[in-house]
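So the chains spell out like this:
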Amino acid sequence: MANEIPKYVTRARAAYLLGLSVEEIGRISKETGIGHRERAGNVEETFFTYAELQKICVMATSESVVTH
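Cut-offs applied
- All residue numbers refer to position in the chain's written sequence, counted from 1.
- This being a predicted model, a pLDDT of at least 70 is required before a residue's local features are given, and a value of 80 or more before pairs of side-chain atoms are given or counted; all residues contribute to the totals for chains, interfaces and linings.
- Hydrogens and water molecules were not included; the side-chain quantities draw on all heavy atoms of the structure.
- Note on conventions: DSSP H or I runs of at least 4 residues are helices, E runs of at least 2 residues are strands, and numbering of each starts at the N terminus.
- Here's how the labels work: a residue is buried when its accessible area is under 20% of the maximum for its type, exposed when over 50%, partly exposed in between, all with a 1.4 Å probe on protein chains only.
- Two residues qualify as a contact provided that any one of their heavy atoms is within 4.5 Å of a heavy atom in the partner residue.
- Each accessible area value is a Shrake-Rupley result obtained with a 1.4 Å probe; residue values ignore everything except the protein chains displayed when judging cover.
- One requirement defines pairing of two strands: DSSP has to find at least two bridges between them.
- For helices, the axis comes from a line fit to the C-alpha atoms of the stretch in contact; other axes are also lines fit to C-alpha atoms, and the angle between any two N-to-C directions lies between 0 and 180 degrees.
- Note on patches: the residues involved have over 30% relative accessible area and no salt bridge, like charges join within 9 Å, and the nonpolar side chains Val, Leu, Ile, Met, Phe, Trp and Tyr join within 5 Å.
- We count a salt bridge whenever a side-chain nitrogen from Lys or Arg sits within 4 Å of a carboxyl oxygen from Asp or Glu.
- Note: the arc covers the axis-to-C-beta directions of the helix.

Student: Help me out: how do you make sense of the overall build of the protein chain in this one?
Tutor: Looking only at helices and strands, one finds three helices and three strands in the protein chain. Looking at the 68 residues of the protein chain, the share that counts as buried comes to 22%. A sequence separation of at least 24 residues applies to 54% of the contacts in the protein chain between residues at least 6 apart. Counting only carbon and sulfur atoms, one obtains 55% of the accessible surface of the protein chain, whose full area is about 5,100 Å².

Below, the structure written as structure tokens:
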């Protein structure tokens, strides 16, 4: 069971998987409302499902085509 695929990934992992910066993932998340925030004490982290990552990937691709 150690090789189980997680249902959610952190913002840093999402950035790594999509080849975007953590800041860019954060910006997209804030602008679109994709992802959900969890707080544990003073620490807050944004998590994404793989379906949400797919949406971000489509948006980032469309955005880069428009801006470049």
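Student: Would you explain the sheet that holds strand S2 (residues 36-40) in this entry?
Tutor: Strand-to-strand pairing in sheets goes through backbone hydrogen bonds, with the strands running parallel or antiparallel. Read across the sheet, three strands follow the order S1-S3-S2 without closing on themselves; strand pairing throughout is antiparallel. Each end of this open sheet is capped by a strand with a single partner; those strands are strand S1 (8-10) and S2. In this sheet, adjacent strand axes meet at a mean angle of 40° when their direction is disregarded. The strands touched by helix H1 (residues 11-18) are S1 and strand S3 (43-49); relative to S1, the strand with the most contacts, the crossing angle is about 95°.

Student: Any chance you could explain a nonpolar patch on the surface here in plain terms?
Tutor: Taken together, Ile 5, Tyr 16, Leu 17 and Tyr 50 make up a surface patch of nonpolar side chains, about 480 Å² in accessible area. Tracing the chain through its elements places Tyr 16 in helix H1. Residue class for Tyr 16 comes out exposed when judged on its relative accessible area of 63%.

Student: Can you help me understand helix H2 (residues 22-32) in this one?
Tutor: Residues that lie three or four places apart on an α-helix share one face, since the helix turns once every 3.6 residues. Here H2 has its buried residues at Ile 25, Gly 26, Ile 28 and Ser 29. All buried residues of H2 fall inside an arc of 165° around its axis, so they share one side. Exposed residues lying more than 90 degrees from the buried face of H2 are Glu 23, Lys 30 and Glu 31. Just beyond H2, the residue with positive phi is Gly 33, at close to 80°.

Student: Sorry, what's going on with the pattern of salt bridges here?
Tutor: Oppositely charged side chains may form a pair once their charged atoms are brought near each other. Under the definition given, this model contains four salt bridges. Of the charged contacts in the structure, one is a salt bridge between Glu 31 and Arg 27, with a shortest N-O distance of 2.8 Å. Of this pair, Glu 31 and Arg 27 are both found in helix H2, four residues apart, which corresponds to roughly one turn of the helix. Classification of Glu 31 as exposed rests on a relative accessible area of 55%. Each of Glu 24, Arg 27 and Glu 31 takes part in a single network of salt bridges with overlapping partners.

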